[in-house]
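Chain by chain, the residues:
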Amino acid sequence: MRVIAQVTDFGKLAEATLRAPFKNFYAKANSLSFVAQGSGHVIENLSASDFAARLAALSSKEKIAFAHDALSYDPIAKQLDDPLGSLALAS
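Residues numbered from 1 in each chain as written. Predicted model: local features only at pLDDT ≥ 70, side-chain atom pairs only at ≥ 80, totals over all residues. Heavy atoms only, no water.

### Examining the overall build of the protein chain
Each helix and strand counted, the protein chain has 3 helices and 6 strands in total. When the helices and strands of the protein chain are read in sequence order from the N terminus, they spell out β-α-β-β-β-α-β-β-α. In the protein chain, the share of contacts with a sequence separation of at least 24, taken over all contacts with a separation of at least 6, comes to 40%. Here the protein chain displays about 7300 Å² of accessible surface, and carbon together with sulfur accounts for 59% of that area. (Helix = DSSP H or I, 4+ residues; strand = E, 2+ residues; numbered from the N terminus. Contact = heavy atoms within 4.5 Å. Areas by Shrake-Rupley, 256 points an atom, 1.4 Å probe, with all protein chains shown as cover.)

This is how it looks when you write it as structure tokens:
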């Protein structure tokens, strides 16, 4: 999972990071990476102006991303499993 967060007080963010519920994390530049329940996660901490620019870039039709983590394909049964209904949203 990747989260983009607007941060208004980086001092409070630093304090909160030290109290994070996960034991191991990696921080580099404006990103914090960690593993929880067997999955990797990244939180990007952006200032208001950087957040607005990043959000505008994501809303462009040419840059839409399709999250497919929940889709699974069984090649033996030749069956696609879509428990979250992602395919229904795409049509």
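### Considering the pattern of salt bridges
Oppositely charged side chains may form a pair once their charged atoms are brought near each other. For the structure shown, the criterion picks out 2 salt bridges. Where Arg-54 meets Glu-44, a salt bridge forms, and the shortest distance between an N and an O atom there is 2.6 Å. In this pair, Arg-54 sits in helix H2 (residues 48–58) while Glu-44 sits in strand E4 (residues 39–46), placing the two residues 10 residues apart along the sequence. Using a relative accessible area of 29% as the deciding quantity, one classes Arg-54 as partly exposed. Overlapping salt bridges, with partners in common, bring together Arg-2, Glu-44 and Arg-54 in one network. (Salt bridge = Lys/Arg side-chain N within 4 Å of Asp/Glu carboxyl O. Buried < 20%, exposed > 50% of the residue type's maximum accessible area, 1.4 Å probe, protein only.)

### Description of unusual backbone geometry
Of note in the backbone geometry, Ala-29 takes a positive phi value of approximately 55° without being a glycine. Among the residues examined, Ala-29 registers a relative accessible area of 83% and is labelled exposed.

Read these as spatial facts, not as claims about activity.
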